[in-house]
Amino acid sequence: MKIRTYLPLFAVLLLLSFVSVAFVNEPETPESTGKIIKENVHEVAGVVADGEEIYMTRCLSCHMANGEGVPGVFPPLTGSEYVTGDKGQVIRMILNGLTGEITVKDVTYSGMMPPWGGFLDDQQIADVLTYVRSSFGNEAEGVSAEEVAAVRAKVGDRKEAWTIEELNQEENQGIPGGD
Ligand code: HEC
């Protein structure tokens with residue numbers, strides 16, 4: 001028998017196999033959709049919850065793995081009153097950066113800390129600040145994404161880095177709407 005006779009049959013079989021594959025792989029069951037959503041949430045939470053990882057990638061190069069910094073060049077985060085002090089002040093520093101002279105643990109620094117507000121979202125800033133406030137021997141309360149969001153809203157679209165003189169003014173401290 002000639003192969004041509006079977007061609008329509010092949011075509012039909014091919015079509016059927018496509019259709020059945022489409023049905024077998026159909027992902028829209030409530031169970032599988034729930035699983036996909038859960039996996040996504042877990043992935044996002046896993047990334048943002050890791051304050052230590054953010055520290056490693058964004059802060060360690062200057063403030064060093066142990067938070068000691070480099071004397072005279074990059075100030076320490078360990079035992080720094082700015083890290084463990086007013087949350088609103090340190091959130092502002094991270095959002096917009098810091099410039100001018102600052103004295104930390106009796107050493108004066110005159111460097112430039114880059115702004116992080118455009119690179120890190122509220123949750124990431126909260127996570128990294130929670131990490132530094134509770135690491136290197138520091139023991140201060142954590143920072144929440146809501147607190148960062150409130151400060152970010154207050155600061156608005158300010159582009160300039162802060163000086164510590166500005167941040168020592170009460171109007172540039174605290175969490176708006178907080179205590
Ligand atoms: C490119 C280097 C650099 C990186 C990266 C950097 N900083 Fe800084 N940081 C500085 C410098 C320089 C100062 C001091 C600025 C000045 O002299 O006015 C500073 C100051 C600070 C201060 C206030 C002073 C102190 O020691 O307590 C805090 C808090 C701080 N940084 C936290 C962070 C955090 C958190 C990150 C990561 C998100 C980070 N920094 C990333 C360079 C850096």
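Refer to the preceding data block for the structure.
Residues numbered from 1 in each chain as written. Predicted model: local features only at pLDDT ≥ 70, side-chain atom pairs only at ≥ 80, totals over all residues.

## Brief notes about the overall build of the chain
Scanning the chain from terminus to terminus reveals 9 helices and 4 strands. Across the chain, helices and strands are ordered from the amino to the carboxyl terminus as α-α-α-α-α-α-β-β-β-β-α-α-α. Excluding contacts between residues fewer than 6 apart, the proportion of contacts in the chain whose partners are at least 24 apart in sequence is 64%. (Helix = DSSP H or I, 4+ residues; strand = E, 2+ residues; numbered from the N terminus. Contact = placed C-beta atoms within 7 Å.)

## Observations concerning unusual backbone geometry
Despite not being glycine, Met64 shows a phi value in the positive range, around 70 degrees. One can find Met64 in the loop between helix H4 (60–63) and helix H5 (81–84).

## Comments concerning the nonpolar core
Of all hydrophobic cores here, the largest spans 25 residues; its most connected members are Ile91, Ile94, Ile125, Val128, Leu129 and Val132. Put simply, the parts of the chain that give this core at least two residues each are helix H3 (51–58), helix H6 (87–96), strand S2 (102–104), helix H7 (122–133) and helix H8 (145–155). A total of 6 residues in this core trace back to one element, the largest contributor, which is H7. When residues no more than four places from it in sequence are discounted, the contact partners of Leu129 are Val90, Ile91, Ile94 and Val143. (Core = buried A, V, L, I, M, F, W, Y, C linked by C-beta atoms within 7 Å. Buried ≥ 20, exposed ≤ 12 C-beta atoms within 10 Å, placed from the backbone.)

## Side note on the site of the ligand
Close to the ligand lie 29 residues; Cys59, Cys62, Pro75, Ser80 and Gly111 are nearest. Counting only elements with at least two residues in the shell around the ligand, the list comes to H4, H5, H6, strand S1 (98–99), S2, strand S4 (112–113) and H7. For the shell around the ligand, the per-class residue count stands at 21 nonpolar, 7 polar and 1 charged. (Near = placed C-beta within 6 Å. Nonpolar A, V, L, I, M, F, W, Y, C, P; charged D, E, K, R; others polar.)

## Here's the deal with H6
Of all 10 residues making up H6, 10 are buried, and the element is well covered by its neighbours. All of the buried residues along H6 are Lys87, Gly88, Gln89, Val90, Ile91, Arg92, Met93, Ile94, Leu95 and Asn96. Against H5, S1, S4, H7, H8 and helix H9 (164–167) lie the buried residues of H6. Just downstream of H6 lies Gly97, where phi reads positive at about 85 degrees.

## Digging into H3
Turning to H3, its buried residues number three or more, namely Gly51, Ile54 and Tyr55. Down the axis of H3, the buried side of the element spans an arc of 105 degrees, and every buried residue falls inside it. If you follow the buried residues of H3, they end up packed against H4 and H7. (Arc of directions from axis to C-beta.)

## Things to note about the environment of Gly69
By the secondary structure assignment, Gly69 is in the loop between H4 and H5. Sequence separation between Gly69 and Cys59 is 10 residues; the distance between their C-alpha atoms is 9.8 Å. Beyond its immediate chain neighbours, meaning those up to four positions away, Gly69 contacts His63, Met64, Phe74, Pro75, Pro76 and Leu77.

## Describing the packing of H3 against H7
Running from N to C, H3 and H7 point in directions that differ by 90 degrees, and their axes come no closer than 8 Å. The angle between the axes of H3 and H7 places the two elements in the roughly perpendicular class. Note on element contacts: H7 touches H3 through Gln124, Asp127, Val128, Thr130, Tyr131 and Val132, opposite Gly51, Glu52, Ile54, Tyr55 and Arg58. Grouping the amino acids of the contact of H3 with H7 by side-chain chemistry returns 5 nonpolar, 3 polar and 3 charged. (Axes fitted to C-alpha atoms, helices over the stretch in contact; angles between N-to-C directions. Parallel < 35°, antiparallel > 145°, perpendicular 65-115°, else oblique.)

## A short note on the environment of Arg133
If you trace the backbone, Arg133 turns up in helix H7. In this structure Arg133 comes out as buried when scored by C-beta crowding, with 21 C-beta atoms within 10 Å. Here the alpha-carbon distance between Arg133 and Gly85, two residues 48 residues apart in the chain, equals 9.0 Å. Beyond its immediate stretch of four places on either side in the chain, Arg133 contacts Val83, Thr84, Asn138, Ala140, Glu141, Gly142 and Val143.

So yeah, pure geometry; function would need other evidence.
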